[in-house]
Amino acid sequence: MAGALTEGHMRAAPVTPWHVARRTLRHWPVFLAVLATGIAAGVPVVLRTEQVYRSEAVLLYRQTARVGSGEADSSRRAGSRLQDMLLSQERLRRIADEMRLYPQHADRNVAADEMRKRVMLHVRDGSTFLVTFDAADPAVAQAAIARLTQTLIRDNALQRVSEAEETRRLLDGEHQRLAQEVNKRETALTEFLRVHPEAALARSPAPDNRRELDTVQREFAGLRAGRLRADAPAGVTTRPDPDLLAIVRRAEQELATSRLELAEREQRLTDAHPDLMTARERARRAQADLLQARELAAPPLVIEPARPSANGGPSSPARYATDMAGAEMASLEQEITRLRRTGTGSGRRINRHALRVEVELEGLRHDVEQARQQLASLEERQLQAAMVEKVAASGALGQLALLDPASRPGLPLVDVRKKVALAALTVALMLAGGTALLRARADDRIFNDTDAEWMAGQSVLVTVPSTQGRPRRNHA
Amino acid sequence: MPEPPLSKEPPSSQARPSSVLPLFRTERPGPAARPEVVAERHAVARADQGLVLLTSPTGRAAAKYRALRHRLLEHGDPKAVLVTSAHASEGTTTVASNLALAIAELRRYRVLLLEANLHRPSLAARFALPHNQHPCFFAQLEEHRSTPAAPWRVTEMGAGDLHLLAVGAVAAEARRIDAPSFAAALEAMRAHYEYVIVDAPPVLTGPDVNLLQDAADAIVLVARARHTRARALREAIEQISPADIAGVVVIAA
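Reading the values: rules and limits
- Residues numbered from 1 in each chain as written.
- Chains lettered and ligands numbered in written order.
- Predicted model: local features only at pLDDT ≥ 70, side-chain atom pairs only at ≥ 80, totals over all residues.
- Heavy atoms only, no water.
- Helix = DSSP H or I, 4+ residues; strand = E, 2+ residues; numbered from the N terminus.
- Buried < 20%, exposed > 50% of the residue type's maximum accessible area, 1.4 Å probe, protein only.
- Contact = heavy atoms within 4.5 Å.
- Areas by Shrake-Rupley, 256 points an atom, 1.4 Å probe, with all protein chains shown as cover.
- Core = buried A, V, L, I, M, F, W, Y, C linked by side-chain atoms within 4.5 Å.
- Salt bridge = Lys/Arg side-chain N within 4 Å of Asp/Glu carboxyl O.
- Patch = residues over 30% accessible without salt bridge, like charges linked within 9 Å, V, L, I, M, F, W, Y side chains within 5 Å.
- Pairing = 2+ DSSP bridges.
- Axes fitted to C-alpha atoms, helices over the stretch in contact; angles between N-to-C directions.
- Buried area = accessible area lost by both parts, 1.4 Å probe.
- Polar contact = N/O pair within 3.5 Å; in protein donor to acceptor, adjacent residues only side chain to side chain.
- Nonpolar A, V, L, I, M, F, W, Y, C, P; charged D, E, K, R; others polar.
- pLDDT = per-residue confidence, 0-100.

Some points on the overall build of chain A
Here is step 1 of the chain: Within chain A, the regular secondary structure consists of 15 helices and five strands.
Here is step 2 of the chain: Evaluated residue by residue, chain A yields a buried proportion of 32% over its 476 residues.
Here is step 3 of the chain: In chain A, the proportion of contacts linking residues at least 24 apart, taken out of those at least 6 apart, comes to 78%.
Here is step 4 of the chain: Accessible surface for chain A amounts to roughly 29000 Å². Of this, 56% is attributable to carbon and sulfur atoms.

Here we look at the environment of tyrosine 109 of chain B
Residue and element names in this part refer to chain B.
Here is step 1 of the chain: Relative to the elements of secondary structure, tyrosine 109 occurs in the loop between helix 3 (92-104) and strand 3 (111-115).
Here is step 2 of the chain: Among the residues examined, tyrosine 109 registers a relative accessible area of 25% and is labelled partly exposed.
Here is step 3 of the chain: Taking C-alpha positions, tyrosine 109 is 7.1 Å from aspartate 161, a pair spaced 52 residues apart along the chain.
Here is step 4 of the chain: Other than its neighbours up to four places away in sequence, tyrosine 109 contacts Ile103, Asp161, Glu194 and Tyr195.

Some remarks on the nonpolar core
Here is step 1 of the chain: Counting 51 residues, the largest nonpolar core has Phe137 and Phe182 of chain B as its most contacted members.
Here is step 2 of the chain: It is helix 8 (residues 230-240) of chain B that contributes the most residues to this core, six residues altogether.
Here is step 3 of the chain: Apart from the residues lying within four places of it in its own chain, the contact partners of phenylalanine 137 of chain B are Leu114, Glu115, Trp152, Leu165, Ala166, Val167, Phe182 and Ala185 of chain B.
Here is step 4 of the chain: Residues Leu461 and Val464 of chain A together with Leu68 and Met157 of chain B belong to the second largest nonpolar core, which totals 39 residues.

Quick look at the pattern of salt bridges
All names here are of chain A.
Here is step 1 of the chain: Summed over the entire model, instances satisfying the criterion amount to 41 salt bridges over all chains.
Here is step 2 of the chain: The partner of glutamate 261 in a salt bridge is arginine 282, and the shortest N-O contact between them spans 2.5 Å. Pair noted here: glutamate 261 is in helix 10 (residues 242-268) and arginine 282 is in helix 11 (residues 274-297), with a separation of 21 residues, a long-range link.
Here is step 3 of the chain: Several salt bridges share partner residues, and in doing so they unite Glu186, Glu264, Arg268, Glu369 and Arg372 into one network.

Digging into a nonpolar patch on the surface
Residue and element names in this part refer to chain A.
Here is step 1 of the chain: A contiguous nonpolar surface patch, about 420 Å² in accessible area, is contributed by Ile39, Val43, Leu47, Leu425 and Leu429.
Here is step 2 of the chain: When contributions to the nonpolar patch are tallied by element, the ones reaching two or more residues are helix 3 (28-48) and helix 14 (416-442).
Here is step 3 of the chain: Take the nonpolar patch: its biggest share by element is three residues, from helix 3.
Here is step 4 of the chain: Residue placement: leucine 429 occurs in helix 14.

Concerning the sheet that holds strand 4 (residues 400-404) of chain A
Within a beta sheet, neighbouring strands are joined by backbone hydrogen bonds and run either parallel or antiparallel to one another.
All names here are of chain A.
Here is step 1 of the chain: Taken together, four strands build an open sheet; the order of strands is 2-3-1-4 and the sheet is antiparallel. The two strands at the open ends of the sheet, each matched to only one other strand, are strand 2 (119-124) and strand 4. Averaged over all pairs of adjacent strands, the angle between their axes in this sheet comes to 30 degrees, without regard to strand direction.
Here is step 2 of the chain: Here strand 2 runs beside strand 3 (residues 128-135); their pairing, made up of six bridges, is antiparallel. Bridge pairing links histidine 122 to leucine 130 in strand 3.
Here is step 3 of the chain: Its contacts with the sheet place helix 4 (residues 75-86) against strand 1 (53-61), strand 2, strand 3 and strand 4, and it is angled at close to 170 degrees to strand 2.

What about the sheet that holds strand 3 of chain B?
Here is step 1 of the chain: If you trace the nine strands from one edge of the open sheet to the other, you get 5(A)-8(B)-7(B)-2(B)-6(B)-3(B)-5(B)-4(B)-1(B), paired in mixed fashion. Strand pairing shows two members of the sheet lacking a second neighbour, strand 5 (460-464) of chain A together with strand 1 (37-42) of chain B, which therefore form its edges. On average, each strand axis in the sheet is inclined to that of its neighbour by 25 degrees, with strand direction left out of account.
Here is step 2 of the chain: The pairing of strand 7 (residues 218-224) of chain B with strand 8 (residues 245-251) of chain B spans six bridges and is parallel. Paired with valine 222 of chain B across the bridge in strand 8 of chain B is valine 249 of chain B.

Re unusual backbone geometry
Here is step 1 of the chain: Omega for the bond connecting serine 241 of chain B with proline 242 of chain B falls within 30 degrees of zero, at 10 degrees, which places this linkage in the cis form.
Here is step 2 of the chain: Looking at the secondary structure, you find proline 242 of chain B in the loop between helix 8 and strand 8.
Here is step 3 of the chain: At tyrosine 102 of chain A, a position not held by glycine, the phi torsion is positive, near 50 degrees.
Here is step 4 of the chain: Within the fold, tyrosine 102 of chain A resides in the loop between helix 5 (89-98) and helix 6 (108-116).
Here is step 5 of the chain: The backbone phi angle of serine 89 of chain B is positive, close to 60 degrees, even though this residue is not glycine.

Section: the interface of chain A and chain B
Here is step 1 of the chain: Across the contact, 34 residues belong to chain A and 50 residues belong to chain B.
Here is step 2 of the chain: The contact between chain A and chain B buries some 3800 Å² in all, and 59% of this surface belongs to carbon and sulfur atoms.
Here is step 3 of the chain: At the surface where chain A touches chain B, the tally comes to two salt bridges.
Here is step 4 of the chain: Between arginine 229 of chain B and aspartate 444 of chain A there is a salt bridge, with the nearest N and O atoms lying 3.0 Å from each other.
Here is step 5 of the chain: The interface formed by chain A and chain B includes 15 residue pairs in polar contact (both at pLDDT 80 or more).
Here is step 6 of the chain: Of all the secondary structure elements, the ones that give two or more residues to the side of chain A that touches chain B are helix 1 (7-10), helix 15 (449-456) and strand 5 of chain A.
Here is step 7 of the chain: Per-element tally for the side of chain A that touches chain B: the top contributor is strand 5 of chain A, with five residues.
Here is step 8 of the chain: Residue classes in the side of chain A that touches chain B are distributed as 17 nonpolar, ten polar and seven charged.

A few points about the confidence of the model for chain A
Residue and element names in this part refer to chain A.
Here is step 1 of the chain: For chain A, per-residue confidence averages 77 on the pLDDT scale, and 75% of positions sit at 70 or higher.
Here is step 2 of the chain: Across chain A, element-level confidence peaks in strand 5 with a mean pLDDT of 92 and bottoms out in helix 1 with 40.
Here is step 3 of the chain: Long-range and interchain partners of residues 1-11, a stretch whose pLDDT sits below 50, account for 28 contacts in this model, where long-range means more than four residues apart.
Here is step 4 of the chain: Considering only residues more than four positions removed or in separate chains, one finds that residues 470-476, a stretch of pLDDT under 50, has 20 contacts.

Description of the environment of phenylalanine 182 of chain B
Residue and element names in this part refer to chain B.
Here is step 1 of the chain: By the element assignment, phenylalanine 182 lies in helix 6 (residues 179-192).
Here is step 2 of the chain: For phenylalanine 182, a relative accessible area of 1% translates into the label buried.
Here is step 3 of the chain: Along the primary structure phenylalanine 182 and phenylalanine 138 are separated by 44 residues, whereas in three dimensions their C-alpha atoms are 9.4 Å apart.
Here is step 4 of the chain: Discounting residues that sit within four places of it in the chain, phenylalanine 182 has contacts with Leu114, Ala116, Phe137, Leu141, Ile177, Val198, Leu212 and Ala215.

Put into structure tokens, the structure is as follows:
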């Protein structure tokens, strides 16, 4: 024997990935078979995979003043309300039954739950809402979203009508209560004025001493005008007295004020109301004072020149009259001084009884005015509620409108079939590759010189091409 | 000169004082006892398709066998090469025949292709020798047990220097090779041939290769691609170790 076996003969060559890959690729028929099987198994799965189509509709929400609260309904709050309405179990179950959706669920509540997963409402800018529904069939998606929006708009309108009716009923009751309150307080005021009639007269804006002062002043001004006319030369007109003009202006102001008060009370009060009677009396008195003041302040007539007397002065009767007028003027001046003094000091002598009556009267008047204001405000809201109810009931102007109707989707939302096909192909490829790899690992047949060196640990002298197709079993 | 019969008498006590009786003959046959080789010329009428050196000597496969010849030269130029495989039907006879033809075509060496596969002899058929009319190696091996000086009859193939010693029909009960006889025969052939290529039986189908391997200078294992398993090849290598394995010849599929 020439030599012994060296260690190198049995040392296996290092395994390289390339070598493993080459051995794996030798099992390409297995790879192709498994791949074809995987694809064949994946095709029905892909074909049975349902596509997802999304239909959309846009709703416009008109922001209107809410009857009752008076504040605008925000989009977010309206969105929450609409979402609750849209996803109500009863509505979804009814539509699922109508359109025979999800027939695999015998329990229709489960079908409604299944539908709820596919219905979405998005609040967008501009007070619009996007309602979407996902389904496997584009026509079903469109029909379902159309039906959803239709019922949502209708139910929203019905809810609005119901709210308006409820508000109107509430306001009617409130109006009745406030009317009774006003009536009760007016009755209390009337009774008070009947017991204390002086209170109504005492509320006149012109005090008695002032009125008396004006009267005395007018008399005094008249006398002075007469004396001036008597003393004036013949043919000369005198200028109006400034005091008289001031009296006329005050009388005109008093008349205007009293008339305004009368007009205001005539609109609100009946003829039997004491306030109205007081206002009429005041207006009448102001008119009379104005007439009197105007008469006194009227421009003096041109007086015929008096015939001079024998001594060159006025005649004796004229003199006498002048003297009498002077004495009366002096007396009126004293009276004016007294009245002015009396008017100045009257604030200090307050009648306690009159003050208490005045306070009580003012309280009653305040209560009546407050009740009337509440009643007026309530009547205004009642009018709004009636209008809203009428509009809502007519349906001509809904709060929720369909801005963009449901459209039929042309393309699927997510191409699930493509994803499933890719996944199936990937799985088939991995299975085929894995099977080929396992087969290569299990198959220790020698395919070439590299295999012989690697797997048998022996160097290859030469690789001879085959001269026959298949190994012959009969010969060595 | 006929081989003297084995002496059954014990040697003299003077010559061998030991009480142990000798069991083997110590004297080797001299040059005069070396048997002759008688070649019977046989024309290759119809060569097998696998004998590429004959059918397509310019082909790629023939070139590979010539390369194999050079590889063996690089491996120490073994004179007696035993060609075997792990299992049957892996191309042992094809490789041995083509290797012998590749060496013989040089016309400088005498080459003997010796068939040692008693279980599936196929060399005669491969070279289209007449059935049971060619010298049988197994029969001559049995003959040389009793007549060691008998000449070896071989078949000379074509015009080359390739001699063939194939196995004819062997009874199943007699298919057992005798290692000393084979070794003696191979030794005798070495005297007449520069190269002796032995077509051996598979390693894993019996113990024949282990009986033959000591007489050879190198062993060439044959593996057929897509057919031979690495595990069998490793087992074969383990079974014949520590023999000098020149390498593996892979027959591509």
